[in-house]
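Structural characterization, general
Below, each chain spelled out in residue letters.
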Amino acid sequence: MNKHDSERIAGMLEALGAYSVETIEDADIVVFMTCCVREAADTRLYGQVASMKNIPLRDNTPLKKRIIAVGGCIGQRDGDKLVEELPHLDIVFGTHNLASLPQLLTETLEQGGHHVEVKDSSQSFPTDLPTNREHDWAAWLPITIGCNNFCTYCIVPYVRGREKSRTLEDIAEEAQRYVDAGVKEITLLGQNVNSYGRDLYGEPRFADVLRTVNDTGIARLRFATSHPKDLTDEVISLFGELSSLMPALHLPVQSGSNRILDAMNRRYTKEHYLELVRKLREVNPDIALSTDIIVGFPGETEEDFMETYNLVKEVGYTQVFTFIYSKREGTPAATMEDDTPREVIQERFDRLVELVQEQAYQANQADLNKTIDVLVEGASKRDEKLICAKSPKNVTVHAPLPEGVSIDELVGTIIPVHVDEAKTWYLSGQVVGS
Ligand code: SAH
Ligand code: SF4
């Protein structure tokens, strides 16, 4: 969601006549799009903005001072506090008023001083902002904003507000525009896409979104994130029906212990989650599953952790995003007793990461010696003769650039690659016919 918001910021600034530069030293305007889901990102923002004081302005700039803005979740949460602590900061805006940035920027350029605008909520879904997409061939498409779930560890509902869905017509129109412009892959976005439409239509209609976007003729369709408590049989069955729906699902489990899941307010059990996995594999035995896990939630015992460990072992994920629990002020979990020593949590985390790596390696073997269609993203950063692409399961694929073909011709196209090596984090092979 932050990447998408950043593309909108870039779009709005370009509409004002700005252009993007490679380094912070060359920038007259710097906008930090922030995340406060975990403490590390929070601390980094304060440090990074503070260090901006030491970076001189480029020669020939029309500005007397570099304009620094902070937006997104930290802007929403901290508002005026940010300019009190970081007086060289010019602009703060929140998650509900991205569209105010051009106005705030104009005021800053004309009047100087601090300009802070944070709203409690937004009336409408911000659909019409200009967007400068990072890649011509891929687009993020938000279908909901906000979250109503209030998992006890999570700050998102407090900084992104209540869940708001966009109309089906609006989504269809944007998706069709992308397809007509040559976009190959659309990723639908929402904190919990499965509850899409509850606020608009009185019932979730995520399956209708998937069908509608599939009908636009998009080549590849993905979505994030899916909450296990709201994943329906209808949506599961679409993995066997819709040609564009990629065989990959991110289904965050967070913990394998029912006691911890209850304390997290996740509102499903380990058994329910495993049943979803069974149904998904019934529809497509080759589906790639990924997940998020929090290690060290308050009160997590070795027994609780082992339930998580064993669940990961049982499911066999292609990728697991592992996080050490980070206390977020204002959330219910912040007041829960939390006396597990840091070293114990770190040791559990390390054990889990080791298992995750073994599993990713195992999961990737399923594509060994197969020919798969990959979407070319560009040349590898380390070797310009190597294509970097994504498999249907969203795994990185490398292949030598065929003789006589330039990478620019291939970027954004879908080509067949025969996989002859499967490692932990990538596959490699040969472009078929090269
Ligand atoms: N809406 C998405 C995830 C949003 S945050 C979902 O429900 O799946 C992304 C991930 O960050 C979460 O899945 C969770 O694993 C992690 N996370 C959120 N709050 C956290 C915290 N306080 N400490 C550690 N990890 C956290
Ligand atoms: Fe946070 Fe839970 Fe909402 Fe995801 S579903 S954003 S983890 S509160």
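In the block above lies the structure referred to throughout.
Below: a short report on this structure.

1. Structural notes on the overall build of the protein
- Helix and strand counts for the protein come out as 15 helices and 17 strands.
- Along the three orthogonal principal directions, the C-alpha set of the protein runs to about 65 × 60 × 45 Å.
- Considering only contacts within the protein whose residues lie at least 6 apart along the sequence, 71% involve residues at least 24 apart.
- Here the protein has roughly 20,100 Å² of accessible surface; of this, 49% comes from carbon and sulfur atoms.
- In the protein, the 45 positive side-chain charges and the 68 negative ones have mean positions that sit 1 Å from each other.

2. As for the packing of aromatic side chains
- Scanning all chains against the criterion turns up eight aromatic pairs.
- An angle of 80 degrees between the planes, with centres 4.9 Å apart, marks the rings of Phe206 and Phe223 as edge-to-face. Linking Phe206 in helix α9 (residues 206-214) with Phe223 in strand β9 (residues 220-224), this pair joins segments that are 17 residues apart in sequence.
- Among the residues examined, Phe223 registers a relative accessible area of 8% and is labelled buried.
- When the ring of Tyr268 is compared with that of Tyr273, the centres are 6.3 Å apart and the planes differ by 35 degrees; the resulting orientation is tilted.
- Through a chain of ring-to-ring contacts, three or more aromatic side chains come together here, namely Tyr153, Phe297 and Tyr325.
- Above the ring of Phe323, the side-chain terminus of Arg38 is found at 3.8 Å from the ring centroid.
- Seen from the ring of Tyr201, Arg205 lies directly overhead, with NZ or CZ sitting 4.6 Å from the centre.

3. So, the site of ligand 2
- Taken together, Cys147, Asn149, Phe150, Cys151, Tyr153, Cys154, Val156, Pro157, Gln191, His227 and Arg266 make up the full set of residues adjacent to ligand 2.
- Classifying every residue of the shell around ligand 2 gives seven nonpolar, three polar and one charged.

4. Concerning the site of ligand 1
- Around ligand 1, 15 residues are found, and the nearest of them are Arg38, Gln191, Gln254, Asp292 and Ser326.
- Separating an oxygen atom of ligand 1 from a side-chain N or O atom of Arg38 is a distance of 2.9 Å.
- Residue Gln191 places a side-chain N or O atom 2.8 Å away from a nitrogen atom belonging to ligand 1.
- Relative to its unbound accessible area of 540 Å², ligand 1 is 90% covered by the protein chains.
- Looking at the shell around ligand 1, the elements with two or more residues in it are β11 (288-295) and β12 (319-324).

5. Some details on the packing of helix α7 (residues 168-180) against α9
- In contact at an axis separation of 9 Å, α7 and α9 are set at 30 degrees when each is read in the N-to-C sense. Relative to α9, α7 is oriented roughly parallel. Note that α7 runs across α9; the crossing there is right-handed. On α9, the residues that touch Leu168, Ile171, Ala172 and Ala175 of α7 are Asp208, Val209, Thr212 and Val213.
- For the contact of α7 with α9, the per-class residue count stands at six nonpolar, one polar and one charged.

6. Topic: the nonpolar core
- Formed by 55 residues in total, the largest nonpolar core has its most connected members in Ile186, Leu188, Phe206 and Leu210.
- Beyond its immediate chain neighbours, meaning those up to four positions away, Leu188 contacts Leu141, Ile143, Val193, Phe206, Val209, Leu210, Val213, Leu221, Arg222, Phe223 and Ala224.
- Leu45, Val70, Val92 and Val159 belong to the second-largest nonpolar core, a separate cluster that totals 19 residues.

7. Let's talk about the pattern of salt bridges
- Applying the stated rule across the entire model yields 31 salt bridges.
- The residue Arg222 makes a salt bridge to Glu185 at a minimum N-O spacing of 3.2 Å. Of the two residues, Arg222 sits in strand β9 while Glu185 sits in strand β8 (residues 185-189), which places them 37 residues apart along the sequence.
- Here Arg222 falls in the buried class, since its relative accessible area comes to 9%.
- Linked by salt bridges that have partners in common, Asp42, Arg77, Asp78, Lys81 and Arg328 make up one network.

8. Describing helix α5 (residues 101-111)
- Among the residues making up α5, those that are buried are Leu101, Pro102, Leu104, Leu105 and Thr108. Buried residues of α5, viewed axially, fall in a sector of 165 degrees; they line one side. Facing away from the buried surface of α5 by more than 90 degrees, the exposed residues are Glu110 and Gln111.
- Buried residues along α5 sit against α1 (2-15), β1 (29-34), β2 (67-72), β3 (91-93) and β4 (115-117).
- Gly112 lies just past α5 and shows a positive phi near 70 degrees.

9. Here's the deal with the sheet that holds strand β15 (residues 396-400)
- The sheet built from five strands closes into a barrel, its strands ordered β13-β14-β15-β17-β16 with mixed pairing. Direction aside, neighbouring strands of the sheet carry axes that sit 55 degrees apart on average.
- Bridge count between strand β14 (residues 386-390) and β15: five bridges; the pairing is antiparallel. The partner of Lys390 across the bridge, within β15, is Thr396.

10. Quick look at the side chain of Ser100
- Turning to its location among the elements, Ser100 is positioned in the loop between β3 and α5.
- A polar contact is formed between the side chain of Ser100 and the side chain of Glu117, at a distance of 2.6 Å.

11. Quick notes on the environment of Ser6
- Here Ser6 lies in helix α1.
- Residues Ser6 and Ala40, 34 residues apart in the sequence, show an inter-C-alpha distance of 20 Å.

12. Some points on the sheet that holds strand β5 (residues 138-142)
- Sheet architecture is open: three strands sit in the order β5-β8-β9, paired in parallel fashion. With partners counted over all chains shown, the strands left at the sheet margins are β5 and β9, one partner each. Adjacent strand axes in the sheet meet at a mean angle of 20 degrees when their direction is disregarded.
- In terms of strand pairing, β5 meets β8 through five bridges, oriented parallel. The residue of β8 that forms the bridge with Pro142 is Leu189.

Calculation criteria
- Residues numbered from 1 in each chain as written.
- Chains lettered and ligands numbered in written order.
- Predicted model: local features only at pLDDT ≥ 70, side-chain atom pairs only at ≥ 80, totals over all residues.
- Heavy atoms only, no water.
- Helix = DSSP H or I, 4+ residues; strand = E, 2+ residues; numbered from the N terminus.
- Contact = heavy atoms within 4.5 Å.
- Areas by Shrake-Rupley, 256 points an atom, 1.4 Å probe, with all protein chains shown as cover.
- Lys, Arg positive; Asp, Glu negative; His and termini not counted.
- Charge placed at Lys NZ, Arg CZ, Asp CG, Glu CD.
- Phe/Tyr/Trp six-rings, centres within 6.5 Å; stacked < 30°, edge-to-face > 60°.
- Buried < 20%, exposed > 50% of the residue type's maximum accessible area, 1.4 Å probe, protein only.
- Lys NZ or Arg CZ within 6 Å of the ring centre and 35° of its normal.
- Near = heavy atom within 4 Å.
- Nonpolar A, V, L, I, M, F, W, Y, C, P; charged D, E, K, R; others polar.
- Polar contact = N/O pair within 3.5 Å; in protein donor to acceptor, adjacent residues only side chain to side chain.
- Axes fitted to C-alpha atoms, helices over the stretch in contact; angles between N-to-C directions.
- Parallel < 35°, antiparallel > 145°, perpendicular 65-115°, else oblique.
- Left-handed = near helix turned anticlockwise from the far one by under 90°.
- Core = buried A, V, L, I, M, F, W, Y, C linked by side-chain atoms within 4.5 Å.
- Salt bridge = Lys/Arg side-chain N within 4 Å of Asp/Glu carboxyl O.
- Arc of directions from axis to C-beta.
- Pairing = 2+ DSSP bridges.

Coordinates in, geometry out; function isn't part of it.
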